[in-house]
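# Remarks on the overall topology
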Protein chains: 2
Amino acid sequence: MKEFEFYNPTKILFGKGREKEIGNVLKSYGVKKVLFVYGQGSIKEIGLYNKVVESLKDAQIEFVEHPGVKPNPVLSHTREGIDKAKKENVDAVLAVGGGSVLDEGKTIAAGVKVEGDIWDYFKDHNKVIKDALPIFTILTLAATGSEMNGYAVITNEETLEKLSIASEVIYPKVSILNPELTFSVSKQYQAYAAVDTIAHVIEWYFTCNICPNISNRLVESIVKTVMETTEKILENPYDYKVRAEFMWAATLALNGITRLGYGGGIYVNHMIAHSLGALYDLPHGACLSIVIPAWMWWYKDKNTGQFKRFAREIFSKENAEEGIKALKSWFAKIGAPVSLQDENIPSSDIEKIANHVCETTAKTWGLDSVYTPEKLKEVLYLTLRSNIL
Amino acid sequence: MKEFEFYNPTKILFGKGREKEIGNVLKSYGVKKVLFVYGQGSIKEIGLYNKVVESLKDAQIEFVEHPGVKPNPVLSHTREGIDKAKKENVDAVLAVGGGSVLDEGKTIAAGVKVEGDIWDYFKDHNKVIKDALPIFTILTLAATGSEMNGYAVITNEETLEKLSIASEVIYPKVSILNPELTFSVSKQYQAYAAVDTIAHVIEWYFTCNICPNISNRLVESIVKTVMETTEKILENPYDYKVRAEFMWAATLALNGITRLGYGGGIYVNHMIAHSLGALYDLPHGACLSIVIPAWMWWYKDKNTGQFKRFAREIFSKENAEEGIKALKSWFAKIGAPVSLQDENIPSSDIEKIANHVCETTAKTWGLDSVYTPEKLKEVLYLTLRSNIL
């Protein structure tokens, strides 16, 4: 076990109908006026908007709306939210939606309190975010884990950079998880959510230089659960039991627990996927399902034990290569893209993508000397066609 | 998934030598004067006492000592601690030791703040503990999970009752886990610790009426890790790697995570074991290893699926009975008692034990109408001899 610190103070309220508690929850934290952040209107379609508004009114919580968060949340809209929150003098942020809405909500909460421009904190991780408005969330799409962690990812649409912040102060105070609110998530987005959740746990699993069995087992528990529940969700999207298990697995996947004790882990697939997301405005899960099998193939001989273990535990396969191919096939089976070709990205873009990765996230994370454009190109060539491995 | 609330704000500092940080940790929380709670002196033997004192002095933290906590911590000594903490006007509690020391420390922290006598809160779980001094811990024996939860168990040695409290305010603020500090834990106590940890995760696993796969997998991950690491620890007590994995597994086993989503779970083996502990002053793990296989045998047909699953996942056995026998054999193999006979408790005591369980913990937990003396006797008869199953 590598030494670690763990602290996760988010309170989770999990179960049917719990979104109705939001007004009283805010009241119990002394909130009087809240910035109500949401997306493109799907919360109105599923009747959630009305429930939230009713609960806020019943609890006499004033609210200012900040709708229109995009699937890859953008900096300009986030800045508008920060201005609105300051002008309206809200004392908390309520984010209702998927990971994108939560990430923008968290960034607004921090942006109100930091000195200077919030984007500087995305560009320079030596700048510490020390304060934020209290954050409350109601989740409608299980995938990013944002509901129980201190991360947020935002895209600067002017510079085409997709970067992240991390801080103890942007853990939500309370996150409400009602699996019923995910019934309307489409098959396509469920596939992306499954890939994202698997990605969250396997990144450190495969890149570790200290790889404790306890942590490996927690990771495998989540991967198995994600695969099992996703297949059932694709058959019946209204099965509460499997929606619930998937939702909780997705939260556990990035609330910090599964990566404790690993030494040397990095989020390399996320790093590459963030560039695809920024350059082509693709869903995050789609970027990951393109990158992961390719990166695994490229990296497998650097951590043989873990790749063999994965093949055995998840797919009952004997060697690393079979495990990677099985995962790629499973991605394709659930409808996630597994090559650049699947998203009509030409091979001539590989140079551009490699440079972008190196110059944006890799640089921010201090990985640009390890993941040079040359090496990134090696990985990216393996993403060209679905039958390349 | 059953609906649930989860909140665990304890910060964990895990790794070698981290006990030296305690002074600065306390300082960062604004602590000026602390009640330093410890046990029978083993922390002096392993040099930990001096390190703690040095760290406190370096950080200019005043401290008052409260040594002498017993393995089954008793109410009279706890009350002395509460009086001392009040008289000396400390503003925090630092508990350095195993689960017993932590439990007494947590109870003192609450006892200083509650109205009336702290024991009333053990007797009546409708009485809510709303405030406590901040609690900090350094763990020297991994088993009880007390370092990352809101529970404490105390024995009233006058009435021979071993009861518990539960409150959000007695979660430690910070717990320091250095696996090296457990190197001196004897083989006997490692065996008890393994049993206790397994007990913490299988109680809800076997008594659930809603049994999510994700939670089952987390439980099985911990059981496998406990068994694997305990066998290696018994071979080489100075193996940091396995001590570390065991230590973290023990924390995870009762920090709330593994039981989320289960419906209907109860700590029935703990309930029975607490009476054995109170009546015979036996180590908690020894009481559990006597009770668990017997209770499993008695209960197995009430939750067949879970018992079969356990047999298959943990022991690669085909049926529930074989799984139970395998667990019992494993307890015996590591040196834990598996019958009342092993602890020289006569069969004529069974009536007394059954009545005690029903009148103490079962009553406090509202289970006395389910676990009547008659039913408890059925379980206890199966604990008589080691070859009874």
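Residues numbered from 1 in each chain as written. Chains lettered and ligands numbered in written order. Predicted model: local features only at pLDDT ≥ 70, side-chain atom pairs only at ≥ 80, totals over all residues. Heavy atoms only, no water.

### Topic: the sheet that holds strand β5 (residues 135-139) of chain B
Put simply, the rule reads: Here the rule is simple: two strands pair whenever DSSP picks up at least two bridges between them. Secondary structure counts use DSSP, requiring at least four H or I residues in a row for a helix and at least two E residues in a row for a strand, with both numbered from the N terminus. Convention adopted: a line fitted to C-alpha atoms gives each axis, helices being fitted over their contacting stretch, and angles between N-to-C directions are expressed from 0 to 180 degrees. In what follows, residue pairs with any heavy atoms lying within 4.5 Å of each other are defined as contacts.
Pairing within the open sheet is mixed, and its 12 strands lie in the order β3(A)-β2(A)-β4(A)-β5(A)-β8(A)-β1(A)-β1(B)-β8(B)-β5(B)-β4(B)-β2(B)-β3(B). Whereas interior strands pair on both sides, the edge strands pair on one side only; in this sheet they are β3 (62-66) of chain A together with β3 (62-66) of chain B. Looking at each pair of strands side by side, their axes are set apart by 25° on average, direction ignored. Lying on the sheet, helix α4 (residues 75-88) of chain B is in contact with β2 (33-37) and β3 of chain B; it crosses β3(B) at an angle near 160°.

### Focus on the packing of aromatic side chains
All names here are of chain A. Basically, it comes down to this: Here the aromatic set is Phe, Tyr and Trp, taking the six-membered ring for Trp, and pairing holds for ring centres within 6.5 Å; pairs whose planes are under 30 degrees apart are stacked, those over 60 apart are edge-to-face, and all others are tilted. Exposure categories follow from relative accessible area, calculated using a 1.4 Å probe and restricted to protein chains: below 20% of the type maximum is buried, above 50% is exposed, and the middle band is partly exposed.
Applying the stated criterion across every chain, the model contains 46 aromatic pairs over all chains. Judged by centre distance (6.0 Å) and plane angle (70°), the ring pair of Tyr 205 and Phe 310 falls under edge-to-face. Taken together, the residues span a long stretch of sequence, with Tyr 205 in helix α7 (residues 187-207) and Phe 310 in helix α12 (residues 304-315) at a distance of 105 residues. Among the residues examined, Tyr 205 registers a relative accessible area of 0% and is labelled buried.

### Focus: the interface of chain A and chain B
Quick reminder of the rule: Here the quantity called buried area is the total loss of accessible area, with a 1.4 Å probe, experienced by two parts when brought into contact, counted for both. We define a salt bridge as a side-chain nitrogen of Lys or Arg found within 4 Å of a carboxyl oxygen belonging to Asp or Glu.
Contacts between the two partners involve 38 residues from chain A, matched on the other side by 37 residues from chain B. For the pair chain A and chain B, the summed buried area comes to about 3,400 Å², and 59% of that belongs to carbon and sulfur atoms. Our enumeration of links across chain A and chain B arrives at six salt bridges. Glu5(A) is paired through a salt bridge with Arg18(B); the nearest N and O atoms lie 3.0 Å apart.

### A look at the relation of the copies chain A and chain B
Our working rule: Least-squares fitting of one copy onto the other uses the C-alpha atoms of those residues that reach a pLDDT of at least 70 in both copies.
You can overlay chain A on chain B at an RMSD of 0.0 Å; the transform is a turn of 180° with a shift of 0.0 Å along its axis. Between the two chains, the operation in question is that of a two-fold axis. Distance from the rotation axis, computed per C-alpha, reaches its smallest value in chain A at Pro9(A): 2.2 Å. Both copies present the same face, since 97% of the interface residues in chain A are matched by interface residues at the equivalent positions in chain B.

### Some thoughts on the nonpolar core
As a reminder of what qualifies: In this description, a nonpolar core means a group of buried Ala, Val, Leu, Ile, Met, Phe, Trp, Tyr and Cys residues linked to one another through side-chain atoms lying within 4.5 Å.
Phe14(A), Trp248(A), Trp295(A), Phe310(A), Trp248(B), Trp295(B) and Phe310(B) are the most contacted members of the largest nonpolar core, which has 244 residues in total. Among all residues touching Phe310(B), those that are not within four sequence positions of it are Ile202(B), Tyr205(B), Phe206(B), Val223(B), Met296(B), Phe315(B) and Leu327(B).

### With respect to the packing of helix α7 (residues 187-207) of chain B against helix α10 (residues 268-280) of chain B
All names here are of chain B. Quick note on the threshold: Should an angle fall under 35 degrees it is called roughly parallel, over 145 degrees roughly antiparallel, and 65 to 115 degrees roughly perpendicular, with every other angle called oblique. We call Asp, Glu, Lys and Arg charged. Ala, Val, Leu, Ile, Met, Phe, Trp, Tyr, Cys and Pro are nonpolar, and the rest, Gly among them, are polar.
Across the interface, α7 lies against α10 with an axial gap of 8 Å and an inter-helix angle of 130°. In terms of orientation, α7 lies oblique with respect to α10. Seen from α7, the contacting residues are Asp 196, Ala 199, His 200, Glu 203 and Thr 207; seen from α10, they are Val 268, Asn 269 and His 270. Considering only residue class, the contact of α7 with α10 consists of two nonpolar, four polar and two charged.

Any functional reading would require information that these geometric values do not contain.
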